[in-house]
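What follows is each chain in one-letter form.
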Amino acid sequence: DAKTTQPPSMDCAEGRAANLPCNHSTISGNEYVYWYRQIHSQGPQYIIHGLKNNETNEMASLIITEDRKSSTLILPHATLRDTAVYYCIVRVGTNAGKSTFGDGTTLTVKP
Amino acid sequence: DTGVSQDPRHKITKRGQNVTFRCDPISEHNRLYWYRQTLGQGPEFLTYFQNEAQLEKSRLLSDRFSAERPKGSFSTLEIQRTEQGDSAMYLCASSSGLASSVGYTQYFGPGTRLTVL
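Everything numeric in this text was worked out from a predicted model, so none of it was measured.

*Asks:* Explain unusual backbone geometry to me, please; I cannot follow it from the model alone.
*Replies:* Excluding glycine, most residues fall at negative phi; most peptide bonds, likewise, are trans. Looking along the chain, the bond that leaves B:Asp7 and enters B:Pro8 is cis, with omega of -5°. Residue position: B:Pro8 is located in the loop between strand E1 (5-7) and strand E2 (10-13).

Right, here's the structure in full:
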């Protein structure tokens, strides 16, 4: 699985959009980008995933660059409850086994 | 859909004791994964099952660790002769295994926090 690079920490004002970047310059054509978040002492929570098209669900939007070497997770209106560690993972979308997590980005939403 | 459940949520044990954790995946998910997470780090893969077959094991899974999924439903992770370095959060995840990117999405349980004294 490709390695990802994320900033270790970010701050965001409550009510504003949070834009979390992820670099995955060695991503392969059959690898998807998945995002999870982990609130303190809980298990990781699935947020969204995509291959090459932008995706949106009730939690977030995922923007993947045309060359697929980077992506951005967007939380449109961040709340205090969005404070968490956000993980960007790339993995194959076929017979996939493990997910390889990095250290993620700690997002702190401030009032 | 009740989500992935794990039991116990917390376990405190003394060095040298054996411990066993249980994971119940989302109903009808045929893939089940175990991860370990230490403080400040992302989860690290340990092993995974497709139905009852254990298909991959990490080098992290020493011979003191054993995982089973006897009937292809719940799974257990046993650690024998625990060491202080085993203190961590043990996470279980499951996926449906259907041939689609949605099918391979892993959903995590709340974890079991192990403290070895």
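Now that the structure has been shown, we can carry on.
*Asks:* Which parts of the structure should I look at to understand the state of the cysteines?
*Replies:* Two cysteines joined by a covalent bond between their sulfur atoms form a disulfide. The final tally for this structure, using the stated rule, is 2 disulfides over all chains. A:Cys22 shares a disulfide with A:Cys88; S-S distance 2.1 Å. Disulfide A:Cys22 to A:Cys88: torsion about the S-S bond roughly -80°, handedness left-handed. In this pair, A:Cys22 is assigned in strand E2 (residues 18-23) and A:Cys88 in strand E8 (residues 84-92), connecting sequence segments 66 residues apart. Of the two residues examined, A:Cys22 and A:Cys88, each falls in the buried class. Through a disulfide, B:Cys23 is tied to B:Cys92; the S-S separation comes to 1.8 Å. Measuring handedness by torsion sign, the sulfur bridge of B:Cys23 and B:Cys92 sits at about -70° and is left-handed. Of this pair, B:Cys23 sits in strand E3 (residues 19-24) while B:Cys92 sits in strand E9 (residues 88-95), and the two are 69 residues apart along the sequence. No disulfide involves A:Cys12; its nearest neighbouring cysteine sulfur is the one of A:Cys22, lying 18 Å away.

*Asks:* Quick question: what am I supposed to make of the sheet that holds strand E7 (residues 70-75) of chain A here?
*Replies:* The strands making up a sheet associate through hydrogen bonds between their backbones, and the pairing can be parallel or antiparallel. Residue and element names in this part refer to chain A. Spatially, 4 strands are ordered E2-E7-E6-E5 in an open sheet, and the strand pairing comes out antiparallel. The open sheet is flanked by E2 and strand E5 (55-56), the only strands paired with a single partner. Relative to E7, E2 runs antiparallel, the two sharing 6 bridges. Its bridge partner lying in E7, Ala18 is registered against Leu75.

*Asks:* Explain the pairing of strand E6 (residues 61-64) of chain A here, please?
*Replies:* Look at any regular strand and the pattern is simple: side chains alternate between the two faces of the sheet. Residues and elements named next belong to chain A. Note that E5 and E6 share 2 bridges and pair antiparallel. Considered in E6, the bridge of Thr56 is made with Ser61. One ladder, built from 4 bridges, connects E6 with E7; its direction is antiparallel. What sits directly across from Ile64, in E7, is Ser71. The antiparallel hairpin formed by E6 and E7 contains 5 residues in its connecting segment, where Arg68 sits at a positive phi of about 65°.

*Asks:* It is not clear to me how the nonpolar core should be interpreted in this structure. Could you clarify?
*Replies:* In a soluble, globular protein the nonpolar side chains are often hidden away together inside. Among the nonpolar cores identified, the biggest contains 21 residues, and A:Leu20, A:Trp35, A:Leu73, A:Leu75, A:Tyr86 and A:Leu107 are the most heavily contacted of them. Those elements giving two or more residues to this core turn out to be E2, strand E3 (31-38), strand E4 (45-50), E6, E7, E8 and strand E9 (105-110) of chain A. Considering each element in turn, this core owes the most residues, 4 residues, to E8(A). Excluding residues within four positions of it along the chain, A:Tyr86 makes contact with A:Gln6, A:Leu20, A:Trp35, A:Tyr36, A:Arg37, A:Ile47, A:Leu73, A:Leu75, A:Gly104, A:Thr105 and A:Leu107. Counting 19 residues, the second-largest nonpolar core is a separate cluster that includes B:Val19, B:Phe65, B:Leu77 and B:Leu114.

*Asks:* I tried to follow the packing of aromatic side chains on my own but got confused; where do I start?
*Replies:* One pair of aromatic rings is described through two measures. These are the centre distance and the angle between the planes. Enumeration according to the criterion identifies 13 aromatic pairs over all chains in this entry. Pairing A:Tyr36 with B:Phe108 gives two aromatic rings, centres 5.6 Å apart and planes at 90°, and the pair type is edge-to-face. With A:Tyr36 in strand E3 and B:Phe108 in strand E10 (residues 107-108), this pair bridges two chains. Judged by its relative accessible area of 11%, B:Phe108 falls in the buried class. Seen in terms of ring centroids, A:Tyr87 and A:Phe101 are 5.3 Å apart; in terms of plane orientation they differ by 85°. Their pairing is edge-to-face. You can see A:Tyr87 sitting in strand E8 and its partner A:Phe101 sitting in the loop between E8 and E9, a full 14 residues away along the chain.

*Asks:* What is the right way to look at the interface of chain A and chain B in this model?
*Replies:* Accessible area lost on assembly of the parts is the figure often given for the size of an interface. Each side of the interface is counted separately: chain A has 22 residues, and chain B has 26 residues. Summed over both partners, the interface of chain A with chain B buries about 1700 Å², with 49% contributed by carbon and sulfur atoms. In this assembly, chain A and chain B are joined by 0 salt bridges. Along the contact surface separating chain A from chain B lie 6 residue pairs in polar contact (both at pLDDT 80 or more). Those elements giving two or more residues to the side of chain A that touches chain B turn out to be E3, E4 and E8 of chain A. Across the side of chain A that touches chain B, the residue classes break down as 8 nonpolar, 11 polar and 3 charged.

What counts and what doesn't
Residues numbered from 1 in each chain as written. Chains lettered and ligands numbered in written order. Predicted model: local features only at pLDDT ≥ 70, side-chain atom pairs only at ≥ 80, totals over all residues. Heavy atoms only, no water. Helix = DSSP H or I, 4+ residues; strand = E, 2+ residues; numbered from the N terminus. Disulfide = S-S within 2.5 Å. Buried < 20%, exposed > 50% of the residue type's maximum accessible area, 1.4 Å probe, protein only. Pairing = 2+ DSSP bridges. Core = buried A, V, L, I, M, F, W, Y, C linked by side-chain atoms within 4.5 Å. Contact = heavy atoms within 4.5 Å. Phe/Tyr/Trp six-rings, centres within 6.5 Å; stacked < 30°, edge-to-face > 60°. Buried area = accessible area lost by both parts, 1.4 Å probe. Salt bridge = Lys/Arg side-chain N within 4 Å of Asp/Glu carboxyl O. Polar contact = N/O pair within 3.5 Å; in protein donor to acceptor, adjacent residues only side chain to side chain. Nonpolar A, V, L, I, M, F, W, Y, C, P; charged D, E, K, R; others polar.

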